[in-house]
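If you want the building blocks of each chain, they are given just below.
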Amino acid sequence: NSSPGLVGPPFPPFEEVGTVLPAWFDQWLNKGWESLGGETDGWPFWSLFKNMKTWWEFGQAHPNQILFVHYNKLLEDLSGEMQRIAQFLDIPVDQQLLPDMVKACSFDEMKKTVDTIAPMNGTMWKGGGNHFIFKGTNGRWKGVLTDANLAAYDEKARLEFSPTCATWLET
């Protein structure tokens, strides 16, 4: 991108990233972004492993400062998770307004305004925000990534994450 105030190299065009998912996944798993020193994975973004590991460690050391929110839990019980977040932040929730707030945060409602809520207004994705906020489901990698991709990810996760962090991330 050529955003004003860009720091570091521009984000690669979609065509440069590649469209063959197993090959792209290998790059993501094994190549860092040159402007982020010490990262060995995460291309063309940042390291999931470094990001998750450092936040997890800080959160375990300071549980009153970090609340981990999992996408699967949001899918299962959006209202309950929104209330849990509000409680953590010590924000009272008006129970009369809660149904409308939950609706506004639902996937279907967010999908209506994708280009205003997606990172960089969706410009990083070939199909814009509609490809960032796509289906709202998990597990779409099943049948797409190879057994070798999955084994390499599992090995890296085993080396980088504590068992509790890895379990939380996967469930």
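Structural notes, computed from the coordinates. (Residues numbered from 1 in each chain as written. Predicted model: local features only at pLDDT ≥ 70, side-chain atom pairs only at ≥ 80, totals over all residues. Heavy atoms only, no water.)

Closest axis-to-axis distance for the helix α2 (residues 21-30)/helix α10 (residues 147-160) pair is 10 Å, and the angle between their directions is 15°. Of the possible angle classes, the one that applies to α2 and α10 is roughly parallel. For the pair α2 and α10, the sense of crossing is left-handed. Packed against α2, whose contacting residues are Pro22, Phe25, Asp26, Trp28 and Leu29, the element α10 presents Asn149, Ala152, Tyr153 and Lys156 at the interface. Tallied by class, the residues present in the contact of α2 with α10 amount to six nonpolar, one polar and two charged. (Axes fitted to C-alpha atoms, helices over the stretch in contact; angles between N-to-C directions. Helix = DSSP H or I, 4+ residues; strand = E, 2+ residues; numbered from the N terminus. Parallel < 35°, antiparallel > 145°, perpendicular 65-115°, else oblique. Left-handed = near helix turned anticlockwise from the far one by under 90°. Contact = heavy atoms within 4.5 Å. Nonpolar A, V, L, I, M, F, W, Y, C, P; charged D, E, K, R; others polar.)

Moving on to the pattern of salt bridges. Scanning the entire structure with this criterion turns up four salt bridges. With its nearest N and O atoms 3.5 Å apart, the salt bridge here joins Asp41 to Lys156. Taken together, the residues span a long stretch of sequence, with Asp41 in the loop between α2 and α3 (48-61) and Lys156 in helix α10 at a distance of 115 residues. Residue class for Lys156 comes out buried when judged on its relative accessible area of 15%. (Salt bridge = Lys/Arg side-chain N within 4 Å of Asp/Glu carboxyl O. Buried < 20%, exposed > 50% of the residue type's maximum accessible area, 1.4 Å probe, protein only.)

Over its 14 residues, α3 extends 20 Å from the first C-alpha to the last, a length consistent with the 20 Å expected when each residue adds 1.5 Å. Residues Phe49, Met52, Trp56 and Gly59 constitute the buried set of α3. Buried residues of α3, viewed axially, fall in a sector of 115°; they line one side. Buried-residue contacts for α3 involve α2, α10 and α11 (163-170). Regarding α3, its N-cap is Ser47, as a side-chain oxygen of that residue lies 3.2 Å from the backbone nitrogen of Phe49 further along. (Expected span 1.5 Å × (residues − 1). Arc of directions from axis to C-beta. Polar contact = N/O pair within 3.5 Å; in protein donor to acceptor, adjacent residues only side chain to side chain.)

Let us look at the packing of aromatic side chains. Overall, the coordinates contain seven aromatic pairs when judged by the stated rule. Ring geometry for Phe49 against Phe161: centres 5.3 Å apart, planes inclined by 25°, an arrangement best described as stacked. You can see Phe49 sitting in helix α3 and its partner Phe161 sitting in the loop between α10 and α11, a full 112 residues away along the chain. The exposure class assigned to Phe161 is buried, which follows from its relative accessible area of 6%. Each member of the aromatic cluster is reached from another via a ring pair, and the members are Phe25, Trp28, Phe49, Tyr153 and Phe161. Just above the ring of Trp43 sits the side chain of Lys31; from NZ or CZ to the centre is 4.5 Å. (Phe/Tyr/Trp six-rings, centres within 6.5 Å; stacked < 30°, edge-to-face > 60°. Lys NZ or Arg CZ within 6 Å of the ring centre and 35° of its normal.)

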